[in-house]
Amino acid sequence: MSTVLLLVITGLGLGALYFLVASGLSLIYGLMGVLNFAHGAFLTIAAFIGWEVGRRVSDGTWWGLLVSALVGMIVGAVVAAATEYFLIRRLYERHIEQALITVGLALASVALFEGIWGTDPIYTAKPEWLTQTTEILGARIPNDRFLLIACAAVVLGAIVLFLQRTRYGLIIRAGVENRSMVTALGIDVRRSFTLVFAIGGAAAGLGGVLASVYYGYVSAHLGSLLLIFAFIVTVIGGLGSLTGAAIASVLVAVLQQFANFYLGGTGDLVVVIALAAVLLIRPRGLMGKVA
Amino acid sequence: MRLGGDRIDRLPTHRIVQRGVGYVPEDREVFGSLSVGENLRLAERDDTPRREFIERLFPDIHARRAQRAGTLSGGQQQMLSLARALVNENRLLLVDEPTKGLAPKIVDEVGVALAEAAKTVPILLVEQNLHVIRRLAERVVVLSGGRVVFTGSAADLLDDEDRVQRYLGVPPMSP
């Protein structure tokens, strides 16, 4: 029982990381039809700069971590918005070129980060409580899991509130459904593209800082590591659906944990099989719109 | 192409619309996942939407503000699509086959709403239903195989049984 609980909560924590990356991917694809392979780069640069600033302010404390998280979100949002504004926008409606430029950016950024911060992981300090465990029903749960879950829940709530309560949220929801009709109502839908990139970048940036807490290090490959699973989550959840991304994040991560523990470390394989099954049986994903 | 004297053919779509063009597309294209009220709010282009006008003209739509637009009937979706265009002051209204696929009773209701709208704004209407044309149109252009085969007043067309038969391939209707 305690093992099951540990696997579930660890899965939820990992799912929280997947969700922070997948939420932006899903919104961006839903609104603009862009598969953003550069999303991992937003996460990695946010993790590095968040860590650099945080450790100078106060290394290994809550205050330092909070600063890291805020800096990470801002860096993620700014880099993502700049990517949209300077690169993606020039290639409006040219989806192959858009995908290629994000792939190129992803590859080049890893090389750049390795050039600056080296190829080895850099181990990071974190507040003491996060290195400890809490005992629940006999299971000793690492405390960082609770932080990840709480942060992802807050981000999910904030994005939902934004989408439901603001005019830009309304435009984004309508644009995901029928972009040309939004334009035909006299709305410049491209302005919300930059905004969606910024929101997705901020979530990924927070994900980067939290990933460095979860794994205990920052590395140039942090983004690409999580991006693969975030893409799988996005496809399983249904491209364009935030709720779908949230549900799929949890399902994929929990499944992965259980397969790793009970089926001899086959978690990644099981996730890919789940992806194949969803594509065969329900290609639009759990909550996706009909393509 | 000009609107009110200004060239508009090089402008992006949203700029043309902002100059006062309301568009009611052929397949209604309401946002099915949004509520009726959200569909209308999204369409408001300025700070002076004509909400009371819409409430008066479409009481049924107003009563269903909180309902998801995707769950409306075809006729109700058409009314919503019209309301979405009429919530702004327009200089021109483009309406594409508003009665397509609707039951005769609903066709009449759509006709009433369009007649009301036509009091305040010129409408460019694409329509195949002769009853609706008789009720609304002043001038008509008949297209056949992509070519213009008739231009003139609606009365001239509809009162000429021969023309109706020839151009539209349907027997003339009783007045």
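Asks: Whenever I open this one, the overall build of chain A confuses me. Can you help?
Replies: When its secondary structure is counted, chain A shows 12 helices and four strands. Taking 291 residues into account, the globule formula puts the C-alpha radius of gyration at 19 Å, and chain A, at 19 Å, falls close to it. Based on the C-alpha atoms only, the size of chain A along its principal axes is roughly 60 × 45 × 35 Å. Burial status across chain A gives 55% buried among its 291 residues. Contacts in chain A between residues at least 24 apart in sequence constitute 75% of all its contacts with a sequence separation of at least 6. By element, 70% of the accessible surface of chain A is carried by carbon and sulfur atoms, the whole surface being about 12,400 Å². A distance of 11 Å separates the average location of the 17 positive side-chain charges in chain A from that of its 13 negative side-chain charges.

Asks: Looking at this structure, I do not really get the overall build of chain B. What am I missing?
Replies: Counting its secondary structure elements, chain B contains nine helices and seven strands. Against the compact-globule benchmark of 16 Å for 175 residues, chain B has a radius of gyration of 17 Å, which places it among compact chains. The buried share of chain B, reckoned over its 175 residues, is 42%. Across chain B, the fraction of contacts at a sequence separation of at least 24, relative to all contacts at a separation of at least 6, is 65%. As presented, chain B carries roughly 9,800 Å² of accessible surface, and 48% of it is formed by carbon and sulfur atoms. Averaging the positions of the 25 positive and the 25 negative side-chain charges in chain B gives two centres separated by 4 Å.

Asks: What's the story with the confidence of the model for chain B in this structure? I'm lost.
Replies: Low pLDDT means the predicted atomic positions in that stretch should not be read closely. Residue and element names in this part refer to chain B. When the pLDDT values of chain B are averaged, the result is 88; 97% of them are 70 or greater. At the low end of the mean pLDDT range in chain B sits helix α9 (residues 161-168), at 81; at the high end sits helix α2 (residues 36-43), at 95. In the predicted complex, the global pTM is 0.87; the interface-specific ipTM is 0.88.

Asks: It is not clear to me how the interface of chain B and chain A should be interpreted in this structure. Could you clarify?
Replies: Interfaces are often sized by the accessible area lost when the parts come together. Taken together, the 19 residues of chain B in the interface contact 17 residues of chain A. Of the roughly 1,600 Å² buried where chain B meets chain A, counting both sides, 60% is carbon and sulfur surface. Taken as a group, His14(B), Phe31(B) and Leu42(B) account for 39% of the area that chain B buries against chain A, more than any other trio of residues on that side. Linking chain B to chain A there are one salt bridge. In this structure, Glu38(B) and Arg173(A) form a salt bridge, with 2.9 Å as the shortest nitrogen-oxygen distance.

Asks: Is there a simple way to think about helix α1 (residues 2-32) of chain A in this case?
Replies: Working note: α-helix, 3.6 residues per turn, so residues spaced by three or four point in the same direction. All names here are of chain A. Between its first and last C-alpha, α1 extends 44 Å over 31 residues, near the 45 Å set by a 1.5 Å rise per residue. In the structure, α1 departs most strongly from a straight axis at Ala22, where the bend amounts to approximately 30 degrees. Extensive coverage of α1 is indicated by the burial of 24 of its 31 residues. One or two positions beyond α1, positive phi appears at Gly33, with a value near 70 degrees.

Asks: Help me understand the pattern of salt bridges in this model?
Replies: Here the idea is simple: oppositely charged side chains can pair when their charged atoms come close. As enumerated under the stated definition, the model contains 20 salt bridges over all chains in all. With a shortest N-O distance of 2.8 Å, Glu26(B) and Lys100(B) are connected by a salt bridge. Note that Glu26(B) is positioned in the loop between β3 (21-24) and α2 and Lys100(B) in the loop between β4 (92-96) and α6 (104-118), a separation of 74 residues in sequence. Assessed through its relative accessible area of 27%, Glu26(B) is described here as partly exposed. Glu44(B) is paired through a salt bridge with Arg51(B); the nearest N and O atoms lie 2.9 Å apart. On the accessibility criterion, Glu44(B) (14% relative accessible area) is buried. By sharing partners, the salt bridges in this structure join Glu52(A), Arg55(A) and Arg56(A) into a single network.

Asks: Help me understand the environment of Arg2(B) in this model?
Replies: All names here are of chain B. Looking at where Arg2 falls in the secondary structure, it is placed in strand β1 (residues 2-3). According to the relative accessible area criterion, Arg2 is exposed, its value standing at 59%. Setting aside anything within four residues of it in sequence, one finds Arg2 in contact with Arg7 and Ile8.

Asks: So what exactly am I meant to see when it comes to the domain arrangement of chain B here?
Replies: Segmenting chain B into domains produces domain 1 (2-126) and domain 2 (138-175). Look at where the C-alpha atoms of domain 1 of chain B and domain 2 of chain B centre, and you get two points 27 Å apart.

Asks: What's the story with the side chain of Glu84(A) in this structure? I'm lost.
Replies: Among the secondary structure elements, Glu84(A) is positioned in helix α3 (residues 62-88). Setting aside residues up to four positions removed in sequence, Glu84(A) forms contacts with Met32(A), Arg89(A), Phe193(A), Thr194(A) and Phe197(A).

Asks: Would you mind going over the sheet that holds strand β5 (residues 123-126) of chain B with me for this structure?
Replies: In a beta sheet, neighbouring strands pair by backbone hydrogen bonds and run either parallel or antiparallel. Residues and elements named next belong to chain B. With respect to topology, three strands assemble into an open sheet ordered β3-β4-β5, the strand pairing being parallel. Of all the strands in the sheet, the pair left with one neighbour each is β3 and β5. Direction aside, the axes of adjacent strands within the sheet are offset by 10 degrees on average. As judged from the four bridges shared by β4 and β5, these two strands associate in the parallel manner. Its bridge partner being in β5, Leu94 is matched across the sheet by Leu124. Sheet strands in contact with helix α5 (residues 74-86) are β3 and β4, and its direction is about 175 degrees off that of β3. Against the sheet, α6 touches β4 and β5, its axis set at about 155 degrees to β5.

Calculation criteria
- Residues numbered from 1 in each chain as written.
- Chains lettered and ligands numbered in written order.
- Predicted model: local features only at pLDDT ≥ 70, side-chain atom pairs only at ≥ 80, totals over all residues.
- Heavy atoms only, no water.
- Helix = DSSP H or I, 4+ residues; strand = E, 2+ residues; numbered from the N terminus.
- Rg over C-alpha atoms; globule rule 2.2 N^0.38 Å.
- Buried < 20%, exposed > 50% of the residue type's maximum accessible area, 1.4 Å probe, protein only.
- Contact = heavy atoms within 4.5 Å.
- Areas by Shrake-Rupley, 256 points an atom, 1.4 Å probe, with all protein chains shown as cover.
- Lys, Arg positive; Asp, Glu negative; His and termini not counted.
- Charge placed at Lys NZ, Arg CZ, Asp CG, Glu CD.
- pLDDT = per-residue confidence, 0-100.
- Buried area = accessible area lost by both parts, 1.4 Å probe.
- Salt bridge = Lys/Arg side-chain N within 4 Å of Asp/Glu carboxyl O.
- Expected span 1.5 Å × (residues − 1).
- Bend = angle between axes of the 7 residues up to and from the residue.
- Domains from an automatic or database assignment.
- Pairing = 2+ DSSP bridges.
- Axes fitted to C-alpha atoms, helices over the stretch in contact; angles between N-to-C directions.

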